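Report on the structure
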Amino acid sequence: MSPQAELLLMHGLQQALEDQKLRMVYQPKVSLRDGSLTQVEALVRWSDPELGAVNPAEFVPLAEEHGLIDELTLWGLRTILRQWLDWRDEGLDTCIAFNISALSLQHLDFPDHVERMCRGLDVPTDRLVLELTESATQPLVKLMDALTRFRIKGIGLAIDDFGTGYSSLMQLRQLPFTEVKIDQAFVADVPRSRDSRLIIQAVTELAHGLGLTATAEGIETIDQLRAVRELGCDFGQGYLMSAPIEPTALKPWVQKFRRAWPAMIAEEKLALWGDVEADPLGEWQI
Ligand code: C2E
Ligand code: MG
Ligand code: MG
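None of these values were measured; they are calculated from a predicted model. (Residues numbered from 1 in each chain as written. Chains lettered and ligands numbered in written order. Predicted model: local features only at pLDDT ≥ 70, side-chain atom pairs only at ≥ 80, totals over all residues. Heavy atoms only, no water.)

Topic: the coordination of the magnesium ion (ligand 2)
Here is the rule we go by: With water excluded from the atoms, a metal site may look incomplete; its donors are any N, O or S atoms within 2.8 Å, or within 3.2 Å for Na, K and Ca. Strands are runs of DSSP state E lasting at least 2 residues, helices are runs of H or I lasting at least 4, and numbering of each runs from the N terminus. Exposed residues in this analysis have more than 50% of their type's maximum accessible area, buried residues have under 20%, and partly exposed residues fall in between, with area computed by a 1.4 Å probe over protein chains only.
Taken together, the protein donors to the magnesium ion (ligand 2) comprise Glu41 (OE), Asn99 (OD1), Glu131 (OE) and Asp160 (OD), at separations of 2.0 to 2.2 Å. Of note, the magnesium ion (ligand 2) draws all its donor residues from one chain, in the sequence arrangement E-x57-N-x31-E-x28-D. Between the magnesium ion (ligand 2) and the magnesium ion (ligand 3), the interatomic distance is 4.0 Å, and Asp160 donates to each metal, bridging them. Placement of the pair is Glu131 in strand 5 (residues 128-132) and Asp160 in strand 6 (residues 156-162), with a sequence separation of 29 residues. On the basis of relative accessible area, Glu131 is assigned to the buried category, the value being 1%.

As structure tokens, then:
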């Protein structure tokens, strides 16, 4: 992207933040033991009248580069904490996972600030999980201090996209993570690739040995779901179960999914949720 196009995009993002034009959608993460909802992952959405829908994988790194990431992070935190309250009022008490840039963790007072935000709104800190991805420029080991502070406050920590890029097994031992999210590249391959199966199994066993949970990301087919269950993963997330959805769609999804789960893990392939497999974006896609 040209420097001019980047600046235009960042100007648009700044405007969207000011005009409250960003929104969050939420993707359920389910227990692979019984199909119950364990967490939802908040994912930001930005739809610009001129640029159309802009992908977070595109604008989040630019926001990091152009000094907008803290504003985006604070907007996101405020939004998800308020959303938690709305769901609690509806009788849904779940945990919210929030993707956070390692850059935001460089502010020494950030963990205290997050705790104050939770306290201010009366959201228990153990309902919040921060998801972090390692990158070449932001090694997670440098954030040991901030990560430890979050853990002391009861906030969960997930290492995202594990197994690709820069993440290493060593970090699972050194850093106070509570959850490892196995990258969707391994999950995509799992029905045909022995290597992917071995990696998922090894990461899951190591995670369990160190007291962490293992989540399989990007589950799109029944075969992938069954494979990651058999390999011992605790939680699963992906289009098969649900794409990211609007907050109001969560409660109906919980009811619908409860009925669909037994067929998903049954020996024979039943067609109950099958249309979702054929059309992964299904009726729930936003
Ligand atoms: P991520 O945290 O690893 O999120 C998973 C991405 O995979 C999401 O893309 C999600 O929509 C997509 N996904 C979920 N299930 C499936 C599936 O079954 N198959 C496939 N192919 N994809 C699936 P999305 O929403 O475009 O987000 C991309 C990345 O942008 C996220 O990766 C995360 O790193 C970042 N991101 C999203 N929202 C935020 C945010 O609020 N703050 C920050 N700092 N980063 C965010
Ligand atoms: Mg994530
Ligand atoms: Mg991920």
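A few points about the coordination of the magnesium ion (ligand 3)
For a metal with four tetrahedral donors the ideal donor-metal-donor angle is 109.5 degrees, whereas six octahedral donors ideally subtend 90 or 180 degrees. For the magnesium ion (ligand 3), the full set of protein donor atoms is Asp160 (OD), Asp161 (OD), Glu217 (OE) and Glu217 (OE), at a range of 2.1 to 2.7 Å. Positions of the donor residues of the magnesium ion (ligand 3), expressed as sequence spacing, correspond to D-D-x55-E. By relative accessible area, Asp160 is classed as buried at 5%. By relative accessible area, Glu217 is classed as buried at 8%.

Observations concerning the site of ligand 1
Selection criterion: Each residue is tested against the molecule or strand, and it is near if at least one of its non-hydrogen atoms lies within 4 Å. As used in this structure description, the phrase polar contact means that two N or O atoms lie within 3.5 Å; if the pair is within protein, one of them must be able to donate a hydrogen and the other to accept it, and residues adjacent in sequence are counted only when both atoms belong to side chains. Note on residue categories: nonpolar means Ala, Val, Leu, Ile, Met, Phe, Trp, Tyr, Cys or Pro, charged means Asp, Glu, Lys or Arg, and polar means any other residue, Gly included.
Every one of the 23 residues lining ligand 1 counts as a neighbour, but Arg45, Asn99, Asp160, Glu220 and Tyr239 are closest to it. A distance of 2.9 Å is found between an oxygen atom of ligand 1 and a side-chain nitrogen or oxygen belonging to Glu41. Between Asn55 and ligand 1, the recorded distance is 3.4 Å, taken from a side-chain N or O atom to an oxygen atom. Only strand 1 (22-31), strand 2 (37-48), helix 2 (56-65), strand 4 (95-99) and strand 6 provide two or more residues apiece to the shell around ligand 1. Looking at the shell around ligand 1 element by element, the count peaks at 4 residues for strand 2. Tallied by class, the residues present in the shell around ligand 1 amount to 10 nonpolar, 7 polar and 6 charged.

Points about the pattern of salt bridges
Put simply, the rule is: Here, a salt bridge means any side-chain nitrogen of Lys or Arg that lies within 4 Å of a carboxyl oxygen of Asp or Glu.
Summed over the entire model, instances satisfying the criterion amount to 14 salt bridges. Close ionic contact of Asp93 with Arg127 constitutes a salt bridge, the shortest N to O distance being 2.8 Å. Of this pair, Asp93 sits in the loop between helix 3 (69-89) and strand 4 while Arg127 sits in the loop between helix 4 (110-121) and strand 5; the two residues are 34 residues apart in sequence, bridging distant segments of the chain. Note that Arg192 and Asp189 form a salt bridge whose closest N and O atoms lie 3.3 Å from each other.

Some details on the pairing of strand 1
Cut-off, in case you're wondering: For two strands to pair, DSSP has to find at least two bridges joining them.
The buried fraction of strand 1 amounts to 9 of the 10 residues, a majority that puts the element mostly inside the structure. With 9 bridges connecting them, strand 1 and strand 2 associate as antiparallel partners. When the bridges of strand 2 are listed, Leu22 appears paired with Trp46. Linkage of strand 1 to strand 2, two consecutive antiparallel strands, is achieved through a turn of 5 residues, within which Gly35 is found at a positive phi near 80°.

Here we look at a nonpolar patch on the surface
Let me state the cut-off plainly: A patch is a set of surface residues, each over 30% in relative accessible area and not in a salt bridge, joined within 9 Å for like charges and within 5 Å for the nonpolar side chains Val, Leu, Ile, Met, Phe, Trp and Tyr. Accessible areas in this description were obtained via Shrake-Rupley with a 1.4 Å probe; residue shielding takes into account the shown protein chains only.
On the surface, Leu169, Leu206 and Leu210 cluster together into a nonpolar patch covering about 230 Å² of accessible area. Looking at the element boundaries, Leu210 is found in the loop between helix 8 (194-209) and strand 8 (213-216).

Here's the deal with helix 5 (residues 144-152)
Selection criterion: To obtain the arc, one takes the directions from the helix axis to the C-beta atoms. Here, residues are in contact when the closest pair of their heavy atoms is within 4.5 Å.
Those residues of helix 5 that sit buried are Ala146, Leu147 and Phe150. Seen from one end, helix 5 has its buried residues packed into an arc of 100°, which puts them on one side. Against helix 4, strand 5 and strand 6 lie the buried residues of helix 5. Of the residues trailing helix 5, Gly154 is marked for its positive phi of about 90°.

A few points about the packing of helix 9 (residues 222-230) against helix 10 (residues 250-265)
Helix-helix packing is described using two parameters, namely the angle between the two axes and the distance between the axes. To keep things clear, this is the line we draw: Comment: axis = line fitted to C-alpha atoms, over the contacting stretch for helices; angle = value between 0 and 180 degrees taken between N-to-C directions. Angular relationships are summarised with four words: roughly parallel below 35 degrees, roughly antiparallel beyond 145, roughly perpendicular across 65 to 115, and oblique for the angles in between.
Interhelical geometry of helix 9 versus helix 10 gives an angle of 80° and a closest axis separation of 10 Å. The orientation of helix 9 with respect to helix 10, classified from their angle, is roughly perpendicular. Along the contact surface, helix 9 presents Ile222, Leu225, Arg226 and Arg229, while helix 10 presents Trp261, Ala263, Met264 and Ile265. Among the residues making up the contact of helix 9 with helix 10, the classes are represented as 6 nonpolar, no polar and 2 charged.

With respect to the side chain of Thr94
With respect to the helices, strands and loops of the structure, Thr94 is situated in the loop between helix 3 and strand 4. Ignoring sequence-local partners within four residues, the contact set of Thr94 consists of Leu37, Thr38, Gln39, Val40, Trp84, Trp87 and Arg127.

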